[in-house]
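# Coordinate inspection notes
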Amino acid sequence: MESYPLVSVVVPCYNHETYIEACLESVANSDYNNIELVFIDDGSSDNSYNKAYEWLRLNGHLFSSYHIEKQQNQGICKTLNKLVANASGEYIIPLASDDMVTPTGVRLRVEALIQNPQWLAVFADAMSIDEQGSIVERNIETSHYGCNKQMLAHIKYIASELILCWGIPGPVFCARSQAYVEIGLYNEEIFFEDRDYYLRIASVGKLGYIPDEVAFYRIHTSNTCRTSDNTIKMIQNYTYALESNLKFFTGLNKKFLQLEYFLSKYQLKCSVTNSFLDKCIFLAMKASFKCCKHLNRLRFYAGA
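Okay, so let's go over this structure. (Residues numbered from 1 in each chain as written. Predicted model: local features only at pLDDT ≥ 70, side-chain atom pairs only at ≥ 80, totals over all residues. Heavy atoms only, no water.)

Before going further, it helps to examine the packing of aromatic side chains. Under the defined criterion, the tally for this structure stands at 15 aromatic pairs. Note on Phe123 and Tyr209: the rings are 5.2 Å apart at their centroids and 50° apart in plane angle, and the pair reads as tilted. A residue pair is termed long-range when its members are at least 10 positions apart, and Phe123 in strand 6 (residues 121–129) and Tyr209 in strand 9 (residues 207–218) qualify at 86 residues. Since its relative accessible area comes to 0%, Phe123 is described here as buried. We classify Tyr209 as buried; its relative accessible area is 6%. (Phe/Tyr/Trp six-rings, centres within 6.5 Å; stacked < 30°, edge-to-face > 60°. Helix = DSSP H or I, 4+ residues; strand = E, 2+ residues; numbered from the N terminus. Buried < 20%, exposed > 50% of the residue type's maximum accessible area, 1.4 Å probe, protein only.)

The tally for this structure, following the rule as stated, stands at 10 salt bridges. For Asp125, the salt bridge identified is with Lys149, shortest N-O distance 3.6 Å. With Asp125 in strand 6 and Lys149 in helix 5 (residues 149–152), this pair connects stretches of sequence that are 24 residues apart. Residue classification places Asp125 among the buried residues on the basis of a relative accessible area of 0%. Each member of the salt-bridge network shares a partner with another, and the members are Asp31, Arg107 and Glu111. (Salt bridge = Lys/Arg side-chain N within 4 Å of Asp/Glu carboxyl O.)

Moving on, we come to the environment of Asn253. Take Asn253: it is sitting in helix 10 (residues 251–273). For the pair Asn253 and Ile235, spaced 18 residues apart in sequence, the C-alpha separation works out to 21 Å. Once residues within four sequence positions are removed from consideration, Asn253 is found in contact with Ala159, Ser160 and Ile163. (Contact = heavy atoms within 4.5 Å.)

Moving on, we come to the side chain of Asp196. Inspection of the secondary structure puts Asp196 in helix 8 (residues 194–202). Not counting residues within four places of it along the chain, the set of residues in contact with Asp196 comprises Asn187, Ile190, Ala241, Ser244 and Asn245.

Next comes the structure, spelled out in structure tokens:
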């Protein structure tokens, strides 16, 4: 690239003292030479903030600029919105403090957005690593989570594929700062931000996908989304995100989203009532949803 527009890598941190230095080092080792690092510790009870502060004190010169602060716990969406507000870059990459970027991960996403000016945001693939940083799976393509890469790369099918086969790894997103003006900030009423935000951008046809591995997604027992205490909260979050996005879609995509919304509602109901009838309805809807997924694939390949 002849010129390097400023990229803000925004890092929300919560109790990741074991991983935070590796996270920051990965950004510093990027082959992209104009990065602003914006870091907020969201009320960690461990030594995350002190470790990050000391690392940046010694290595902050590796970035074009950096900002670090700590706050009382606000949750991921409020923290991300504050990070975005503090970001100066033309492009913004959210990066959880237990994950890492690959050396080319920033550049590849920025290049994709430059080459596709119609996109407000892009997402890619990641490799999975364990607590020690060893690669668990060499090539975690989004197909690993049930997505079809060819359909994600097709503007007509990307939204339906995200609706029917959600499971995108966390640290693969990059947005123009303009996205947060046109689409808005993250919804602070929900527990996890990513699916809601992907759907909002996909609904206006401005989300792109590239198949490159741009990050390392860390799997460990304390992942927020993997703790048993958050299971019900996650289902509630998905249900709310699906319902709030219904108004943005039309046609088949809206039908797919409606079906998943009711499926999620019954899953939540079953987890509370343990009713045999509700379980039967849930299983029937789950089968219907699976059929929609296969029919959508057939529709894609028939038209390909």
